[in-house]
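# Fold and contact review
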Amino acid sequence: MSKFNILTNYKKLAELLENGTEFCAFDTETTGLNAEIGRIVEIGAVKFNKDGVSGTFGTLLDPLMPISPDASRVNHITDDMVRGKPSESEVIPRFMEFIGDAVLVAHNAPFDLRFVNAALERLSMPTLANTTVDTLRFTRQVFPDAGHWTLQSLALLLDVDSGNAHRALDDAFSCMKIFLSAVRKSSGQL
């Protein structure tokens, strides 16, 4: 599995945003926690730049395997909901086309990157080379007194409507809003 290109020079983010760089916040819901044996059951993404949202991507996937009860308890996605949905061989190439060369933004990014890269490897496609911002790391630096840095805790702290938590597209939107708040705070705009 490839190394991740995770950006930790957070001072550069405000500049990238101001220069019109395209970002893409994304999230995955999975059958379990292990990317080597698990599969993605839902993927959601929101592409944005300084002018706002330019596109969204979201779909359930049939993992062709059972979803663990623990995962279902968290994301409320059941085997019945994904049965007959498109497979990763249909969805992952469309997802890659959607993200293009955007800077990726994800909360606890290594988790999502491992699952996407495992799917790409199964499909004999190149793994992700996109620069990625991990909002978990970023917000720990920008909001050190938060106490909890889960996506839902940060959404509450920053008054971000988290929609349907633990569903991929809603979590991607939350991640985008939290990222933008963190960029503003780190650049002294808050």
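In this report, we go over the structure that sits alongside the text. Since we're looking at a predicted model, the values are computed, not measured.

### Remarks on the pattern of salt bridges
- Tallied over the entire structure, the rule returns four salt bridges.
- Across the pair R167 and E42 runs a salt bridge, and its minimum N-O distance is 2.9 Å. Taken together, the residues R167 in the loop between α7 (151-157) and α8 (168-186) and E42 in strand β2 (residues 40-49) connect sequence positions 125 residues apart.
- Note on R167: relative accessible area 17%, which makes it buried.
- Among the residues examined, E42 registers a relative accessible area of 9% and is labelled buried.
- With a shortest N-O distance of 2.3 Å, R73 and D70 are connected by a salt bridge. Taken as a pair, R73 and D70 lie in helix α2 (residues 69-75) at a separation of three residues, close to a single helical turn. Across this residue pair, the class does not change: R73 and D70 are exposed.

### Structural notes on the packing of aromatic side chains
- In this structure the tally under the stated criterion is nine aromatic pairs.
- The interplanar angle of 55 degrees and the centroid separation of 6.2 Å between the aromatic rings of F138 and F179 together place this pair among those described as tilted. With F138 in helix α6 (residues 135-142) and F179 in helix α8, this pair connects stretches of sequence that are 41 residues apart. You'll find F138 and F179 in the same group, each marked buried.
- Connected via pairs of aromatic rings, a cluster forms that spans Y10, F23, F48, F138 and F179.

Definitions and cut-offs
- Residues numbered from 1 in each chain as written.
- Predicted model: local features only at pLDDT ≥ 70, side-chain atom pairs only at ≥ 80, totals over all residues.
- Heavy atoms only, no water.
- Salt bridge = Lys/Arg side-chain N within 4 Å of Asp/Glu carboxyl O.
- Helix = DSSP H or I, 4+ residues; strand = E, 2+ residues; numbered from the N terminus.
- Buried < 20%, exposed > 50% of the residue type's maximum accessible area, 1.4 Å probe, protein only.
- Phe/Tyr/Trp six-rings, centres within 6.5 Å; stacked < 30°, edge-to-face > 60°.

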